[in-house]
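Given next are the chains, with one letter for each unit.
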Amino acid sequence: MLCMLLKNTENNMNKKIINPEDATNIVKNSIVKRRSKDSRLKLFGRAAIGLAVCFLLFLFYSIFTKGYPGFFQYYVTLDINFDRERIDPKGDLSDNSLFDGDASAIVNESLFSIIEPKGRKEKKLAKKIVSSGKDVRIAKMVKDDPGLFGTVTQVKFALDDDIDSFLRGYIKRETPESERRINDKVIGFIDKLNEEGRISYEFSDYILSGSASGNPEMAGIKGAFIGSLLTLSVCLLIAFPLGVATAVYLEEIAKKNRITEIIEVNINNLAAVPSVVFGIMGLAIFISIFGMPRSIPLVGGMVLALMTLPTIIISSRAAIRAVPPSVRDAAYGIGASKLQVIFHHVIPLAMPGMLTGTIIGMAQALGETAPLLMIGMVAFIVDIPNSVVDPGTVLPVQIFMWADFAERMFIQKTSAAIIVLLGFLITMNALAVYLRKKLERRW
């Protein structure tokens, strides 16, 4: 023991005695180094955020510069003689009567009176200047306002896709005629219409009110937009009550045992499953086993509900866990039953988080394409769906279909549809933030 004490005393004497000034300098240098590292870390973080913002701005700039022209197109104004005998031969304004009418010929005659084509060949070329949907526009106008019969009224008709591309500058006049989609004679007709002041560049009344069409100048997103609303409605009506009920049961009622642990693990795993798997499951169960029809919002909504359920359950459970235990204890203290505590106190306080998670899940479902492709919602649907059992499509699928078409005008309309979809998504996320701020309570 004496030897150990002597050895420790010797070691302590050999230790270097640090001057207080040196110790102060060491501390100051270490502080400077720490602050320098903190500054570099902040700089790297700001640079990462700045880079992300630059990429985001570039993305939005690219989408808007390409999509903005998709909301506009070229029209030609013609003087139309609304002759009832020729437009509505049966006189009852029925679809059959208007279909049997001669509205297209009336439009062509008005066009010929301006550009004066000579011979059958030139007239055939001139007929292609105006979109093929000219008779549909006349029929819609007389149905909306039968008082047009017997009058001569100026009507604006969409120009054909090739003519629109020429006026936008995608088809060059300087290109040799053999390499152009329109020949010199048609260009001469366009020049004459321009000289007469008949051609105008205006907001497209097809993009928001039209539906799927093989003619790009007549294509619109109304059918897909209505289909998205119907599909999301089905998804919300199924996923929200089931998700909230499951979260309440697992957090407040179910006993913690091996079975509930397995259920919780599987719910967490389902949230990471690729969306196309849910489409395959919907195809196998709802269509193959139950025989439900393809391409209807009901099946699409059910598939998206299965995909959205894990997200709603997880967010709802987190919202329930965020309710302070003191709220439950206070309720029990005044004699409330378990159900009263859950429905009168826990759920109302957790509802902001539940709604936020639900809206985010719905926004995710709105942008999904793969599961809906698996159940056949990629079909070419011209009519606008009126119910959840009518054939329909959704915005992401409509964008997918347009992106695959070769016509130049579909590129612009695809970007325009993307802008509408982004606006829809931003609105839903803004609603989630608003509800969160409006309804949340702080303890």
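Scroll up to find the structure.
These remarks concern the structure in this document. Computed from a predicted structure; not experimentally measured.

Quick look at the side chain of R328
Moving on, step 1. Looking at the secondary structure, you find R328 in helix 14 (residues 325-333).
Moving on, step 2. A relative accessible area of 14% means that R328 is categorised as buried.
Moving on, step 3. Looking at R328, its side chain comes within polar contact range of the side chain of E252, at 2.7 Å.
Moving on, step 4. What R328 contacts, discounting residues up to four positions off in sequence, is E252, I320, V323, V341 and V346.

As for a nonpolar patch on the surface
Moving on, step 1. On the surface, I49, V53 and L57 cluster together into a nonpolar patch covering about 290 Å² of accessible area.
Moving on, step 2. Here V53 lies in helix 2 (residues 20-67).
Moving on, step 3. V53 sits in the partly exposed class, given a relative accessible area of 39%.

Regarding unusual backbone geometry
Moving on, step 1. Backbone geometry at L93 places phi at a positive 55°, although glycine is not the residue there.
Moving on, step 2. Within the secondary structure, L93 sits in the loop between helix 3 (84-87) and helix 4 (95-100).

Points about the pattern of salt bridges
Moving on, step 1. Counting across every chain of the model gives 19 salt bridges.
Moving on, step 2. Ionic pairing is found between D79 and R198, a salt bridge with its closest N-O pair at 3.2 Å. Highlighted residues: D79 in strand 1 (residues 72-81) and R198 in the loop between helix 9 (184-195) and strand 3 (199-203), separated in sequence by 119 residues.
Moving on, step 3. Close ionic contact of E252 with R328 constitutes a salt bridge, the shortest N to O distance being 2.7 Å.

Some details on the packing of helix 5 (residues 103-115) against helix 7 (residues 134-144)
Moving on, step 1. At a closest axis distance of 8 Å, the pairing of helix 5 and helix 7 adopts a crossing angle of 110°. Our classification of the angle between helix 5 and helix 7 gives roughly perpendicular. Across from A103, S104, V107 and N108 in helix 5, the residues of helix 7 making contact are K134, D135 and I138.
Moving on, step 2. When the residues that make up the contact of helix 5 with helix 7 are grouped by side-chain class, the tally is three nonpolar, two polar and two charged.

Rules used in this analysis
Along each chain, residues carry numbers from 1 onward, in the same order as the chain's sequence is written. Note on the predicted model: pLDDT of at least 70 is required for a residue's local features to be given, and 80 or more for side-chain atom pairs to be given and counted; whole-chain, interface and lining totals, by contrast, use all residues. For the side-chain quantities, the full set of heavy atoms in the structure was used; hydrogens and water were omitted. Numbering goes from the N terminus for both helices and strands, where a helix is a DSSP run of H or I of at least four residues and a strand is a run of E of at least two. Three labels apply to residues, based on accessible area from a 1.4 Å probe with only protein chains included: buried if under 20% of the type maximum, exposed if over 50%, partly exposed otherwise in between. Counting of polar contacts relies on pairs of N or O atoms within 3.5 Å, with two restrictions inside protein: one atom must be capable of donating a hydrogen and the other of accepting it, and residues adjacent in sequence are counted only when both atoms are side-chain atoms. Whether two residues are in contact is decided by their heavy atoms, any of which lying within 4.5 Å being enough. Patch criteria: residues need more than 30% relative accessible area and no salt bridge. Like-charged residues are merged within 9 Å; nonpolar side chains of Val, Leu, Ile, Met, Phe, Trp and Tyr are merged within 5 Å. Each accessible area is a Shrake-Rupley result for a 1.4 Å probe, and residues are judged covered by the shown protein chains and nothing else. One side-chain nitrogen of Lys or Arg within 4 Å of one carboxyl oxygen of Asp or Glu is enough to make a salt bridge. Axes here refer to lines fitted to C-alpha atoms; in helices the fit is confined to the stretch in contact. Angles between the N-to-C directions go from 0 to 180 degrees. With respect to orientation, any angle under 35 degrees is reported as roughly parallel, any angle over 145 as roughly antiparallel, any angle of 65 to 115 as roughly perpendicular, and every other angle as oblique. Under the convention adopted here, Pro, Cys and the residues Ala, Val, Leu, Ile, Met, Phe, Trp and Tyr are nonpolar, Asp, Glu, Lys and Arg are charged, and Gly plus all remaining residues are polar.

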